[in-house]
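What follows is each chain in one-letter form.
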Amino acid sequence: MNRIDKLFHSGKKNILSVYFTAGYPEVDSTAGIINSLVRAGVDMIEIGIPFSDPLADGPVIQKSSSNALKNGMSLRLLFHQLESIRSSVNIPLLLMGYLNPVLKFGMENFCRSCSVTGIDGIILPDLPPEIYTEQYREIFRKYGLYNILLISPSTEAERIRLIDSITDGFIYMVSSSSVTGVKQGFNDEQKAYFERVAGMNLTHPLMIGFGISSNETFAEACRYANGAIVGSAFIKMLEKEGYSDENIKKFVKDLKKE
Amino acid sequence: MRYNVDGKGFYGEFGGAFIPEMLYANIRELQENYLRIIESEDFRKEFKYFLKNYAGRPSPLYFARRLSEHYGTQIYLKREDLNHTGAHKINNTIGQILIAKRLGKTRIIAETGAGQHGVATATVCALMGLKCVVYMGKLDVERQAPNVLRMRMLGAEVIPVESGNMTLKDATNEAIRDWISNPADTYYLIGSVVGPHPYPDLVSRLQSVISEELIFQLQEHVGRNYPDFIIACVGGGSNAAGSFYHYLDNHDVKLVAVEAAGKGIGTGMTAATITEGTPGIIHGSRTILMQNDDGQITEPYSISAGLDYPGIGPQLAWLGKTGRVKFEYATDDEALEAAFRLMRFEGIIPALEPAHALAALGKIKFSENDIVVVILSGRGDKDMASYIKYLENRSCKTPVNINM
């Protein structure tokens, strides 16, 4: 069973997934941060593939991405860094990024490398579901790789059902009409959207992302979904405090405290 | 061969709408409505009205006698430089602002590089009384101060973009981010035949007024409604797409697109996307683009700020691949020489962008009776600093040698 399914089938609530950009703050900090996050007790990790033109990301992730590229980060190097990650890590690991670097690497090559490394799922926001099913789903299946699709507040009910029928593992529910790391706190309109989707009885679990920056927003998101994803807030912490085991432990503990 | 967009938004393998879900509803709205709107009687009437009475169309087709003698062929200049705001850009912004109004949008956003599209957008927003926000790379804001002032005088808010390389591609990213964040009231008025479907088709249809006019103007001038050659410069490619549009299926017309080679092919300082680029995704479209081995998009270079886009419209990528359009390139120096030649032979100061199209005249073998149309897509006011610098560097106190 895919580790993502195992996590959601375990009945665990308030699932915490943390996103960070590979190669940031330092080119070889990637594996260390993953291990620290595991020790700190996160349930899932999304490893960002840096890209020159991250058009769904706000300033924090943009900056981490361009710094990672300046550090010399690349997809090739990332797979190399993750070669032995599965000897110490058992939680689901996902790669998240934009389509162009993946296409340049070669989709089949990419999926094969993910499978060899022990990556469980992929999130590519600029790969539309229609193109995915037509051109790439077979390759993903061949390597047992999950493709996680997004919905946003402007996604209509019929399309949410379509996405639910195509996505693997869970649905990435974008909390607001915004790029990453910009908004703080949820307004009534967003809560109504969370309720609407939660009430649809979809076949896949829901993870809320974008704008989850504090203990309060994490707890609030978990009221409507199986869990939530924290990205910009974590990267901001890395930038300010550094990536020591202790800092990461404290960050996760603060997020999860009841 | 099919040269126009198919039912799924593709030109062969190029095009499509590679956008995050947050933009899906907006793009869908445009996909479902753009053809209905631009084919409606009411839109066509209003579009025509503003093209004629506001932009000053039809733009003249002018027989360049002395230039023709120089090259030993029959050269006609399509004078897009005489349009209001000084380039072909206004054709597109008038059309899209009328679409935005029909979609009930109240806030217009745009990206701009050199500022020409930004000025053309600010102009039509003033005309229609709509709020206008223009994203412009911080480096371009510094390099193109007069156009920044123009936009602000016209009432637009110009936002300097400090992400990435702080140029056109980053301004485009930022405009897209704004659209993600303001999906309800905002219309993204894109400046070229780039971006997700339907923009490439939409913009080429609006710019196709150029080839529509060529049909009757050539009939008048030469007694035949098509030329032997059409030569246009390409960055994103909107003036080329518009001037090729009605001739795509007429294979007697040779279509030539001229890219900016900057310091030269192979120097790493170029914007010649088709010549040096590889397939990939940029700004929501699958096309040819400048990127490194890791799929990171690289910064192009050209002396002409309107041609240094790292991608190219997906239709032009397809027309290049099928061989329907032949791609040439011209370096900074070749373009400058061609610009001065036009000044001295015809009394016209062209923008640096069409100077690249003019430079291609020296690279193609014409026969004496060939009818050659060059699209003069803009005028040279904005490029005075580059021209003056060129003269100073050549330490030319005497008139430039036009036979160089």
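Thresholds, definitions, all that
Residues numbered from 1 in each chain as written. Chains lettered and ligands numbered in written order. Predicted model: local features only at pLDDT ≥ 70, side-chain atom pairs only at ≥ 80, totals over all residues. Heavy atoms only, no water. Helix = DSSP H or I, 4+ residues; strand = E, 2+ residues; numbered from the N terminus. Buried < 20%, exposed > 50% of the residue type's maximum accessible area, 1.4 Å probe, protein only. Contact = heavy atoms within 4.5 Å. Areas by Shrake-Rupley, 256 points an atom, 1.4 Å probe, with all protein chains shown as cover. Lys, Arg positive; Asp, Glu negative; His and termini not counted. Charge placed at Lys NZ, Arg CZ, Asp CG, Glu CD. Pairing = 2+ DSSP bridges. Axes fitted to C-alpha atoms, helices over the stretch in contact; angles between N-to-C directions. Buried area = accessible area lost by both parts, 1.4 Å probe. Salt bridge = Lys/Arg side-chain N within 4 Å of Asp/Glu carboxyl O. Polar contact = N/O pair within 3.5 Å; in protein donor to acceptor, adjacent residues only side chain to side chain. Phe/Tyr/Trp six-rings, centres within 6.5 Å; stacked < 30°, edge-to-face > 60°.

A. Structural context of the overall build of chain B. Across its full length, chain B holds 16 helices and 14 strands. Dimensions of chain B, computed from the C-alpha atoms along their principal axes, are close to 55 × 45 × 45 Å. Buried positions account for 63% of the 404 residues belonging to chain B. At a minimum sequence separation of 6, the contacts of chain B that also span at least 24 residues come to 74%. With an accessible surface of roughly 14,600 Å², chain B has 50% of that area assigned to carbon and sulfur atoms. Looking at chain B, you have 42 positive and 46 negative side-chain charges, and the mean spots of the two groups are 3 Å apart.

B. Seen up close, the sheet that holds strand β8 (residues 206–209) of chain A. All names here are of chain A. Strand order in the open sheet formed by nine strands is β5-β4-β3-β2-β1-β9-β8-β7-β6, and the pairing between neighbours is parallel. Each of the sheet's edge strands pairs with one partner strand only, and the pair in question is β5 (146–147) and β6 (149–151). Sheet topology places β6 next to strand β7 (residues 171–174); three bridges connect them, and they run parallel. Among the inter-strand pairings, Ile 151 is bridged to a residue of β7, identified as Met 173. Packing of helix α8 (residues 157–166) onto the sheet brings it into contact with β6 and β7, and relative to β6 it is tilted by some 160 degrees.

C. Local environment of the interface of chain A and chain B. With 35 residues of chain A at the contact, the number on the chain B side is 32 residues. Each partner contributes to the roughly 2,700 Å² buried at the junction of chain A and chain B, and carbon and sulfur atoms together form 54% of this total. The largest per-residue losses of area from chain A upon contact with chain B belong to Leu 55, Asn 100 and Lys 104 of chain A, which jointly make up 24% of the total buried on that side. Our enumeration of links across chain A and chain B arrives at four salt bridges. With its nearest N and O atoms 3.2 Å apart, the salt bridge here joins Lys 8 of chain B to Glu 134 of chain A. Remark: the boundary between chain A and chain B carries 15 residue pairs in polar contact (both at pLDDT 80 or more).

D. Spotlight on the environment of Glu 21 of chain B. Relative to the assigned elements, Glu 21 of chain B resides in helix α1 (residues 21–38). The spacing of Glu 21 of chain B and Ile 180 of chain B is 159 residues in sequence and 9.4 Å in space, taken between C-alpha atoms. Here Glu 21 of chain B is in contact with Pro 125, Leu 150, Ile 151, Ser 152, Ser 154, Thr 155, Arg 159 and Ile 163 of chain A, once residues within four sequence places are set aside.

E. How the structure looks around the packing of aromatic side chains. Under the counting rule described, the total for this entry stands at 21 aromatic pairs over all chains. Summarising the aromatic geometry, the rings of Phe 79 of chain A and Phe 105 of chain A are spaced 5.5 Å apart at their centres and angled 45 degrees between planes, so their arrangement reads as tilted. Note that Phe 79 of chain A is positioned in helix α4 (residues 75–81) and Phe 105 of chain A in helix α5 (residues 99–105), a separation of 26 residues in sequence. Classification of Phe 79 of chain A as buried rests on a relative accessible area of 8%. Both rings, one in Tyr 188 of chain B and one in Tyr 199 of chain B, keep their centres 5.9 Å apart while their planes meet at 65 degrees; by these two values the pair is edge-to-face. Of this pair, Tyr 188 of chain B sits in strand β8 (residues 186–188) while Tyr 199 of chain B is found in helix α9 (residues 199–207), placing the two residues 11 residues apart along the sequence. Pair check on accessibility: Tyr 188 of chain B and Tyr 199 of chain B agree, each one buried.

F. Structural context of the pairing of strand β13 (residues 325–331) of chain B. All names here are of chain B. Counting buried residues along β13, five of its seven residues qualify, which places the element largely inside the surrounding structure. Sheet topology note: the strand β10 (residues 254–262)/β13 ladder contains seven bridges and is parallel. Its bridge partner being in β13, Leu 255 is matched across the sheet by Val 325.

G. Structural detail: the pattern of salt bridges. Going through the model one piece at a time under the given rule, you end up with 40 salt bridges over all chains. Between Arg 159 of chain A and Glu 130 of chain A there is a salt bridge whose closest N-O contact spans 2.8 Å. In this pair, Arg 159 of chain A is assigned in helix α8 and Glu 130 of chain A in helix α7 (residues 129–142), connecting sequence segments 29 residues apart. Residue classification places Glu 130 of chain A among the partly exposed positions, given a relative accessible area of 32%. Asp 383 of chain B is the salt-bridge partner of Lys 382 of chain B, the closest N and O atoms lying 2.9 Å from each other. Of the residues examined, Asp 383 of chain B reaches a relative accessible area of 7% and is grouped as buried.

H. Just unusual backbone geometry, in detail. Here the amide bond leading from Arg 57 of chain B into Pro 58 of chain B is cis, since omega sits at 0 degrees, within 30 degrees of zero. If you trace the backbone, Pro 58 of chain B turns up in the loop between α2 (41–55) and β3 (61–63). A cis amide bond, omega 15 degrees, links His 197 of chain B with the succeeding residue Pro 198 of chain B. Looking at the secondary structure, you find Pro 198 of chain B in the loop between β8 and α9. The backbone phi angle of Asn 14 of chain A is positive, close to 50 degrees, even though this residue is not glycine. By the secondary structure assignment, Asn 14 of chain A is in the loop between α1 (3–9) and β1 (15–21). The backbone phi angle of Thr 85 of chain B is positive, close to 70 degrees, even though this residue is not glycine. Following the sequence through the fold, Thr 85 of chain B ends up in the loop between β4 (74–79) and α4 (89–102). We classify Thr 85 of chain B as buried; its relative accessible area is 19%.

So yeah, pure geometry; function would need other evidence.
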